[in-house]
Amino acid sequence: MIDDADGAPAGAAARERACPPYARRYEALGRVMAALAGHAELLQACRELAWWRGDDHCWHIEWREGPHACEVAEILVGGETELNGLAVPVGPVTGRTASLDVMGVGFVLRAIDPLGMERLRSRPGVWRMAAALNGAVPAGGRSRTGRHWEALLGG
C-alpha cells in the first residue's frame, strides 16, 4: 500500500517524520553546511566537496586539496558560525581527519591531499572573488589601475 506522493510504503514517511534522530541529523547537517558556506575562501579552496550519511549514521564530509581537516574543525568548533558552540571534537583531530559531535550527531571530516589555508593564501596567481571585491589584493596578484568590478568581468 502506498500512502504518500513519493511512493513510500504505508507508514514509512510517518515513521521518518516522527523519529527525532532523523530530524536532528538533517538539522545538524544543515547547520554545518551553512557554517561552511559562510567561509567563501574555504569553499573556493576545496575541490570535489562531497557529503553522505554513512552506515554508522554519521555524516561524512570529504574534499580534495583545500584546507586541512583540523582547520575546518577549528572553524566549526571555535569560529563565529551558525553552530554557536554546538560542535565539539570527539577523538583525534589531525590534518587529514577530524571527528565532531554536532547536536548529538557525528561528523567525520576528511581532507584528501590537503594543502592548508596558509599555503593556499600564499599561492601566486590564485584568483579570489573576495579579494577582488574589497580591493585588498588585485586579481592575479598584479598591480593595476581600474575598478574592482572590472576584475570580475575579466577586464
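Remember, it's a predicted structure, so these values are computed and weren't measured experimentally. (Residues numbered from 1 in each chain as written. Predicted model: local features only at pLDDT ≥ 70, side-chain atom pairs only at ≥ 80, totals over all residues. Heavy atoms only, no water.)

Draft legend 1. Focus on the pattern of salt bridges. With the rule as written, the count across this model stands at four salt bridges. Of the charged contacts in the structure, one is a salt bridge between Glu27 and Arg31, with a shortest N-O distance of 3.0 Å. Of this pair, Glu27 and Arg31 both sit in helix H2 (residues 20–37), four residues apart, which is roughly one turn of the helix. Given a relative accessible area of 37%, Glu27 falls into the partly exposed group. For Glu65, the salt bridge identified is with Arg47, shortest N-O distance 3.5 Å. Note that Glu65 is positioned in strand E2 (residues 59–65) and Arg47 in strand E1 (residues 46–53), a separation of 18 residues in sequence. Since its relative accessible area comes to 27%, Glu65 is described here as partly exposed. (Salt bridge = Lys/Arg side-chain N within 4 Å of Asp/Glu carboxyl O. Helix = DSSP H or I, 4+ residues; strand = E, 2+ residues; numbered from the N terminus. Buried < 20%, exposed > 50% of the residue type's maximum accessible area, 1.4 Å probe, protein only.)

Draft legend 2. Up close: unusual backbone geometry. Phi is positive for His57, which is not a glycine, with a value near 65 degrees. Its location among the elements puts His57 in the loop between E1 and E2. Given a relative accessible area of 42%, His57 falls into the partly exposed group. With a phi close to 55 degrees, Glu65 is a non-glycine residue in the positive phi region.

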